[in-house]
Amino acid sequence: MLNFFKEELVNAEQTVAFGGRLSAACEQPVCIYLHGDLGAGKTTLSRGFIQGLGHIGNVKSPTYTLVEPYQLADWQVYHFDLYRLGDPEELEFMGIRDYFNATSHCLVEWPERGEGVLPSPDIDLTLRYVDQQRVVELQANTEVGQRVLNKL
């Protein structure tokens, strides 16, 4: 079983395309934690993921809203950005547990800010720069995550 995956992404277009491939590999609800420095491409990858599931239009960063919901034909996608989260307990007030359900994919940027409140991820995804390109690394933490990685 494949529980680790790594790929080089030359530019933003490849990052978006990889997000689309990742979403196509998700045949059941999945929780993905997105790790990486500011500007590493987390939102760019999320755009590809969400558009890969059929969303037409802009995918904006939920930096100020904490979550952007996308209602698609077969799925709900919740894109979280917890960078500006003051206290993980704020997530309880917004009903965080309701977002993680049997019909939703959840993408969580800056998950360490919600530690202790967020559910465990199926996949930890890390984006980082190496020279002039990005490297994406995925670590499967569950059987669901392993099935996704096996399809990439």
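About the criteria used
Residues numbered from 1 in each chain as written. Predicted model: local features only at pLDDT ≥ 70, side-chain atom pairs only at ≥ 80, totals over all residues. Heavy atoms only, no water. Helix = DSSP H or I, 4+ residues; strand = E, 2+ residues; numbered from the N terminus. Rg over C-alpha atoms; globule rule 2.2 N^0.38 Å. pLDDT = per-residue confidence, 0-100. Salt bridge = Lys/Arg side-chain N within 4 Å of Asp/Glu carboxyl O. Buried < 20%, exposed > 50% of the residue type's maximum accessible area, 1.4 Å probe, protein only. Pairing = 2+ DSSP bridges. Axes fitted to C-alpha atoms, helices over the stretch in contact; angles between N-to-C directions.

1. Concerning the overall build of the protein
Here is step 1 of the chain: Within the protein one finds 5 helices and 7 strands.
Here is step 2 of the chain: Along its sequence from the N terminus, the protein presents helices and strands in the succession β-α-β-α-β-β-α-α-β-β-β-α.
Here is step 3 of the chain: Against the globule reference of 15 Å for 152 residues, the protein gives a C-alpha radius of gyration of 14 Å, in line with a compact fold.
Here is step 4 of the chain: The principal-axis extents of the C-alpha atoms in the protein amount to approximately 40 × 30 × 30 Å.

2. Overview of the confidence of the model for the protein
Here is step 1 of the chain: Chain-level pLDDT for the protein is 93 on average; 99% of the residues reach the 70-or-more range.
Here is step 2 of the chain: For the protein, per-element mean pLDDT is lowest for helix 3 (residues 89–93), which scores 91, and highest for strand 2 (residues 31–35), which scores 98.

3. Brief notes about the pattern of salt bridges
Here is step 1 of the chain: Counted under the stated rule, the structure contains 7 salt bridges.
Here is step 2 of the chain: The partner of E137 in a salt bridge is R128, and the shortest N-O contact between them spans 2.8 Å.
Here is step 3 of the chain: Under the relative-accessibility criterion, E137 is labelled buried at 17%.
Here is step 4 of the chain: With a shortest N-O distance of 3.9 Å, E143 and R147 are connected by a salt bridge. Of the two residues, E143 and R147 both sit in helix 5 (residues 143–151), 4 residues apart, roughly one turn of that helix.
Here is step 5 of the chain: Under the relative-accessibility criterion, R147 is labelled partly exposed at 37%.
Here is step 6 of the chain: Shared partners join several salt bridges into a network, and the residues in it are K6, R128 and E137.

4. What to know about the sheet that holds strand 6 (residues 123–130)
Here is step 1 of the chain: Pairing in this open sheet of 7 strands is mixed, and the strands run 1-7-6-2-5-4-3 from one edge to the other. If you trace the sheet from one side to the other, it starts and ends with strand 1 (4–9) and strand 3 (67–71), each paired once. On average, adjacent strands in this sheet sit at an angle of 15° to one another, irrespective of strand direction.
Here is step 2 of the chain: Note: strand 2 against strand 6, 4 bridges, orientation parallel.

5. Concerning helix 2 (residues 42–52)
Here is step 1 of the chain: With 8 of 11 residues buried, helix 2 lies mostly within the body of the structure.
Here is step 2 of the chain: When helix 2 is considered as a whole, its buried residues turn out to be K42, T43, T44, L45, S46, G48, F49 and I50.
Here is step 3 of the chain: G54 lies just past helix 2 and shows a positive phi near 115°.

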